[in-house]
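# Inside the fold
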Amino acid sequence: MATGTEIEVRRVAVARRREPRTTGSLRARREIEVRRVAVARRREPRTTGSLRARRVGFAILRPFLVFIPVFLFGTFITFLLGTLSGLNPAYVQLGDAATPAAVARLNHQYGLDRPFIVQYWNWFTDLLHGSLGQSWVDGISVSTLIGQRIGISLSVAVLALIIGVVVGAILGTLAALFRASWLDRTVTAVTSVMASMPPFTVGVILVAVFAVQFKILPSAGYVSLHQGFSIWFSHIILPAIALSFDMITGVARQLRAGLVTTYGQNYITGAIVHGLSPRRIFFTHVLRNGGGPALAYVGLTFPTLLGGAVVTESIFGLAGYGVFASTSALHGDVPSVEGVLVVSIVIVVGFNLLINIALNRIDPAAKRGV
């Protein structure tokens, strides 16, 4: 049992705890309460609209954040390769007659006597203002020279892309829907043959058949779209077909594999058991989940369409920027080659940004990639 002294000590302690708080303690308690309310307000759940706007804004901004370092790296490597080439405008313009004084004068005129970083910074700032420099061969603006040819190359590349995606999607879908049948094997055989044929071989065969033998399409040249759609289309259809073979085979194979894999998933079996129509199952579940690899392949293969323009433009006599790039490289025109590479980087990265945005929309798992 507690003694009388211990009982008295406990009574004093309880009395002290029950003593009224002073003004200072109340003020401190009030400040603590205000801070708790402020923190709670910051932690309040956002509305559905603000969350959706934030999510959409981030989804749009994220691909562009990827574009910036890729563009910086690509432009730096492009300029570095041009510098390492050791080519000089004096030797391009004056040839073997270039004297040391003439070389020094032209180097100073083009800013080549400055440090590498200074040269790159001046070139990059001009690039941001839309200037790609001047050609060492004829002194014409590189932007003007590329602008006169980019329409031809993009016309052929875009049409080849459309042909490759449409025909490849049809073949891949038929092979998946009728898998392990004679149609599936036929599609596999056709795509295998197409994959073994390089664009220049296909181009020569197309010219021999449709231009020389049947005379229904022109063999070479380019006509602007302003002169009529049919004549413009007749001049680009053959080079577009020659370029599209790789795209057709890749899309067909990737799409078939993706669709067949998706058809084997348990949720597809559940949809069939629940009585969903085959059309709804295909367009709602199978195509959306199985088309991701084919779409990613399109993004990866698009640069080959631009790269293949050098061959097809030579065969079909098109004055595109592929021929311009090869001619500039042969003449040692470094600014023109750098301009072509920069334009190619912008086109390829921009196209892949669109592919990534589409992938994020149709396949949630792809969001982790970018």
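Attention in this report is confined to the structure presented alongside it. (Residues numbered from 1 in each chain as written. Predicted model: local features only at pLDDT ≥ 70, side-chain atom pairs only at ≥ 80, totals over all residues. Heavy atoms only, no water.)

## Observations regarding the packing of aromatic side chains
Enumeration over the complete set of coordinates arrives at 14 aromatic pairs. Note on F76 and F116: the rings are 5.8 Å apart at their centroids and 80° apart in plane angle, and the pair reads as edge-to-face. Note that F76 is positioned in helix α3 (residues 48-84) and F116 in helix α6 (residues 116-128), a separation of 40 residues in sequence. Aromatic pair Y120 and W123: ring centres 6.1 Å apart, planes at 40°, arrangement tilted. Of this pair, Y120 and W123 both sit in helix α6, 3 residues apart, roughly one helical turn. In this pair, the class of Y120 matches that of W123, namely buried. Grouped by ring-pair contacts, the aromatic residues F71, F76, F79, F116, Y120, W121, W123 and F124 constitute a single cluster. (Phe/Tyr/Trp six-rings, centres within 6.5 Å; stacked < 30°, edge-to-face > 60°. Helix = DSSP H or I, 4+ residues; strand = E, 2+ residues; numbered from the N terminus. Buried < 20%, exposed > 50% of the residue type's maximum accessible area, 1.4 Å probe, protein only.)

## So, helix α12 (residues 278-290)
An α-helical segment advances 3.6 residues per turn. Residues three or four places apart therefore align on the same side. Across its 13 residues, α12 extends only 15 Å between first and last C-alpha, which sits more than 12% below the 18 Å expected from 1.5 Å per residue. By the burial criterion, the buried members of α12 are I281, F282, V286 and G290. In the core, the buried residues of α12 are packed alongside α7 (142-177), α10 (229-263), α11 (266-273) and α13 (292-307). (Expected span 1.5 Å × (residues − 1). Contact = heavy atoms within 4.5 Å.)

## Some details on the packing of helix α8 (residues 182-195) against α10
Between two packed helices, both the angle of their axes relative to each other and the distance between the axes serve to describe the pair. Close contact between α8 and α10 brings their axes to 9 Å; oriented N to C, the two are set at 145°. Here the hand of the crossing between α8 and α10 comes out left-handed. Touching D184, T191, S192, M194 and A195 of α8 are F245, D246, I248, T249, A252, R253 and R256, all from α10. Of the residues contributing to the contact of α8 with α10, the split by class is 5 nonpolar, 3 polar and 4 charged. (Axes fitted to C-alpha atoms, helices over the stretch in contact; angles between N-to-C directions. Left-handed = near helix turned anticlockwise from the far one by under 90°. Nonpolar A, V, L, I, M, F, W, Y, C, P; charged D, E, K, R; others polar.)

## Here we look at the nonpolar core
Proteins that are soluble and globular tend to have nonpolar side chains buried together. I146 and L305 are the most contacted members of the largest nonpolar core, which totals 65 residues. Ranked by residue count, the leading element in this core is α10, at 15 residues. (Core = buried A, V, L, I, M, F, W, Y, C linked by side-chain atoms within 4.5 Å.)

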